Amino acid sequence: MIVLGIESSCDETGVALVRTRPDATPQLLSHALHSQADMHQAYGGVVPELASRDHIRRLLPLARGVLAQAGRSLGEVDLVAYTRGPGLAGALLVGAGMGVALAAALGKPALGVHHLEGHLLSPFLSADPPRFPFVALLVSGGHTQLMRVAGVGDYELLGETIDDAAGEAFDKSAKLLGLGYPGGPALSRLAAHGNAAAFELPRPMLGSGDLHFSFAGLKTAVLTQVRKLEASTCDAWRADLAAATQAAIVDVLVKKSMRALRETRLARLVVAGGVGANHLLREQLDAACHKARVQVHYPELHLCSDNGAMIALAAAMRCDAGRATPQRDLTFDVKPRWALDAIDATAAPVLS
Ligand code: KG4
Ligand code: ZN
């Protein structure tokens, strides 16, 4: 089966072609991505209306590009997958509208996919794919969750953030440090020149005895330090504070992940979402998992942030697992707020 995947939930337009065959690992035929980061940079964050308009401009050229790159024609596409939610309503509508229209014109089915399910399954496109069951650490700009994953569509929420997401903690701290948007990669680059031990920052909810997270207090602690130091003549504190912030976020993510593995008695961890690209997080998870004899899997670095490949893959895996309900109804909707463990209660429409 060849699936065309369309991602437009936030500030990246992604299109990809994924091919699946029985008893073979899924194959990424081609993918293309346009990041709107430069456009939103001037505003310090994503402007929803600008995001939607840019998705409209980019989607068709990107789709033509991935077909040409893979040497395939539209007629060879068996399924069109698009992100149904969660995300920005207007941005989601662009991808959903195009996906459904394209599928209808081709006489092929379309399937709305949960964005986080895409992230969660994205390591299945890597050279070292995981096997079910596993614990998943989902760390993106909007979500921080630990899940027990028994199979496609079989997700149990173990814990999540009660306020800011890990990516948000990176982004907000980066903004306080005067770094650009998106802040995660920028803060991580600055942190490479700093000394994390120069500041003692809180590790919120580390001792809470459960698998929940909280990052809002960390942002306040960073703000307090910035206010104290911003008038100083030397700038070296900025790199130190960036390093300390990164160390605090990573420390909490690693310790809670290891706790989830102990509690579930599972020996496999899958890390997904934009923050999964963070080098310190990968380094510390590798070390902790090696010590605990746990296998850890990541998506390929270029598939950590939002992309169309993970949407195509999730759709294909759902169909293969018999967990997508065919529907002849041509209506569609988007779900800006959508819990991952509630996917099946709101069966994604398949149009055929
Ligand atoms: O998964 P994603 O691309 O989009 C959402 O679904 O939210 O995640 C974006 C988040 C942003 O908060 C960004 O700052 C963060 O991932 N991020 C990073 C790194 N690369 C992206 N955070 C820390 N270190 C990185 N290298
Ligand atoms: Zn995402």
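Everything numeric here is computed off the predicted structure, so don't read it as measured data. (Residues numbered from 1 in each chain as written. Chains lettered and ligands numbered in written order. Predicted model: local features only at pLDDT ≥ 70, side-chain atom pairs only at ≥ 80, totals over all residues. Heavy atoms only, no water.)

What follows covers the site of ligand 1. For ligand 1, the set of nearby residues contains 17 residues, the closest of which are Gly141, Asp171, Gly184, Gly274 and Asn278. Contact distances for ligand 1 include 2.7 Å between an oxygen atom and a backbone N or O atom of Gly141. Here an oxygen atom of ligand 1 and a backbone polar atom of Gly167 are 3.2 Å apart. A total of 550 Å² of accessible area belongs to ligand 1 in isolation, and the protein chains cover 86% of it. (Near = heavy atom within 4 Å. Polar contact = N/O pair within 3.5 Å; in protein donor to acceptor, adjacent residues only side chain to side chain. Areas by Shrake-Rupley, 256 points an atom, 1.4 Å probe, with all protein chains shown as cover.)

What follows deals with the coordination of the zinc ion (ligand 2). Tetrahedral coordination by four donors places them ideally at 109.5 degrees to one another around the metal; octahedral coordination by six donors ideally gives 90 or 180 degrees. Here the zinc ion (ligand 2) is held by His115 (NE2), His119 (NE2) and Asp306 (OD), and the distances to it run 2.0 to 2.1 Å. Site description for the zinc ion (ligand 2): donor spacing in sequence, H-x3-H-x186-D. Of the two residues, His119 is situated in helix 4 (residues 115-121) and Asp306 in the loop between strand 10 (295-297) and helix 10 (308-320); the sequence distance between them amounts to 187 residues. A residue is classified by how much of its surface remains accessible, and His119, at 1% relative accessible area, is buried. (Donors = N, O, S within 2.8 Å, 3.2 Å for Na, K, Ca; no water. Helix = DSSP H or I, 4+ residues; strand = E, 2+ residues; numbered from the N terminus. Buried < 20%, exposed > 50% of the residue type's maximum accessible area, 1.4 Å probe, protein only.)

The next point concerns helix 10. Counted at 1.5 Å a residue, the expected span for helix 10 with its 13 residues is 18 Å, and the 18 Å between its end C-alpha atoms agrees. Along helix 10, 11 of the 13 residues are buried, which leaves the element largely enclosed by surrounding structure. If you check which residues of helix 10 are buried, you get Gly308, Ala309, Met310, Ile311, Ala312, Leu313, Ala314, Ala315, Ala316, Met317 and Arg318. Where helix 10 starts, the residue carrying a side-chain oxygen 3.0 Å from the main-chain nitrogen of Ala309 turns out to be Asn307. (Expected span 1.5 Å × (residues − 1).)

Each neighbour pair has its own omega, and for Phe132 with Pro133 the value is -5°, a cis peptide bond. Mapping Pro133 onto the fold places it in the loop between helix 4 and strand 6 (134-139). In this structure, the amide linkage connecting Tyr181 to the following residue, Pro182, adopts the cis form with an omega of -5°. The topology assignment puts Pro182 in the loop between helix 5 (166-176) and helix 6 (183-191). Of note, Met205 is a non-glycine position whose phi angle comes to about 65°, a positive value. Residue placement: Met205 occurs in the loop between helix 6 and helix 7 (216-229). In this model, Arg293 sits at a positive phi of 55°, which is unusual for a non-glycine residue. Structurally, Arg293 can be placed in the loop between helix 9 (279-291) and strand 10. The class for Arg293 is exposed, based on a relative accessible area of 75%.

In this section: the nonpolar core. Judged by nonpolar contacts, the single largest core of 45 residues is most densely connected at Leu137, Leu201, Phe215, Leu253, Leu269, Val271 and Leu281. Among the elements of the structure, strand 6, helix 5, helix 6, helix 7, helix 8 (236-264), strand 9 (268-272) and helix 9 are those that each provide at least two residues to this core. Leaving out residues up to four positions away in the same chain, Leu253 has contacts with Leu137, Val139, Thr144, Ala166, Phe213, Phe215, Val275 and Leu281. With 35 residues, the next largest nonpolar core counts Val3, Leu120, Val152 and Met317 among its residues. (Core = buried A, V, L, I, M, F, W, Y, C linked by side-chain atoms within 4.5 Å. Contact = heavy atoms within 4.5 Å.)

Under the definition given, this model contains 14 salt bridges. The closest approach of N and O atoms between Arg84 and Asp333, which form a salt bridge, is 2.8 Å. Placement of the pair is Arg84 in strand 4 (residues 79-85) and Asp333 in the loop between strand 11 (326-327) and strand 12 (350-351), with a sequence separation of 249 residues. Of the residues examined, Asp333 reaches a relative accessible area of 32% and is grouped as partly exposed. Through salt bridges that share partners, Asp164, Glu168, Lys172 and Lys219 make up one connected network. (Salt bridge = Lys/Arg side-chain N within 4 Å of Asp/Glu carboxyl O.)

This brings us to a negative patch on the surface. Together, Asp154, Glu156, Glu160 and Asp341 make up a region of like negative charge exposed at the surface. Locating Glu160 in the fold gives a position in strand 8 (residues 154-160). (Patch = residues over 30% accessible without salt bridge, like charges linked within 9 Å, V, L, I, M, F, W, Y side chains within 5 Å. Lys, Arg positive; Asp, Glu negative; His and termini not counted. Charge placed at Lys NZ, Arg CZ, Asp CG, Glu CD.)

It is worth spelling out the pairing of strand 9 at this point. Taking burial as the measure, the five residues of strand 9 include five buried ones, the bulk of the element. Of the two faces of strand 9, both are covered, the one formed by Arg268, Val270 and Ala272 as well as the one formed by Leu269 and Val271. In this structure, strand 6 lies alongside strand 9, joined through four bridges in parallel fashion. Within strand 9, the position partnered with Leu137 by the bridge is Val271. For strand 9 and strand 10, the ladder comprises three bridges, and the chain directions are parallel. (Pairing = 2+ DSSP bridges.)

A few words on the environment of Thr220. Relative to the elements of secondary structure, Thr220 occurs in helix 7. Here the alpha-carbon distance between Thr220 and Ala247, two residues 27 residues apart in the chain, equals 16 Å.

Let's shift gears to the domain arrangement of the chain. Each domain of the chain was delimited in the assignment, giving domain 1 (2-121 + 304-346) and domain 2 (132-298). Using C-alpha coordinates to define each centre, domain 1 is positioned 27 Å away from domain 2. Opposite the 23 residues of domain 1 that make contact, domain 2 presents 24 residues. Summing the contributions of domain 1 and of domain 2, the shared interface buries around 1800 Å²; its carbon and sulfur component is 68%. (Domains from an automatic or database assignment. Buried area = accessible area lost by both parts, 1.4 Å probe.)

It is worth spelling out the packing of aromatic side chains at this point. In the structure shown here, the tally under the stated rule is four aromatic pairs. Here Phe124 and Phe132 contribute two aromatic rings whose centre-to-centre distance is 5.2 Å and whose plane-to-plane angle is 35°, an arrangement assigned as tilted. A ring pair is formed by Phe132 and Phe134, whose centres lie 5.4 Å apart and whose planes are at 15°; its orientation type is stacked. Each residue in the set Phe124, Phe132 and Phe134 is aromatic and connected to the rest through ring pairs, giving one cluster. Taking NZ or CZ as reference, Arg84 lies 5.1 Å from the ring centre of Trp338, over its face. (Phe/Tyr/Trp six-rings, centres within 6.5 Å; stacked < 30°, edge-to-face > 60°. Lys NZ or Arg CZ within 6 Å of the ring centre and 35° of its normal.)

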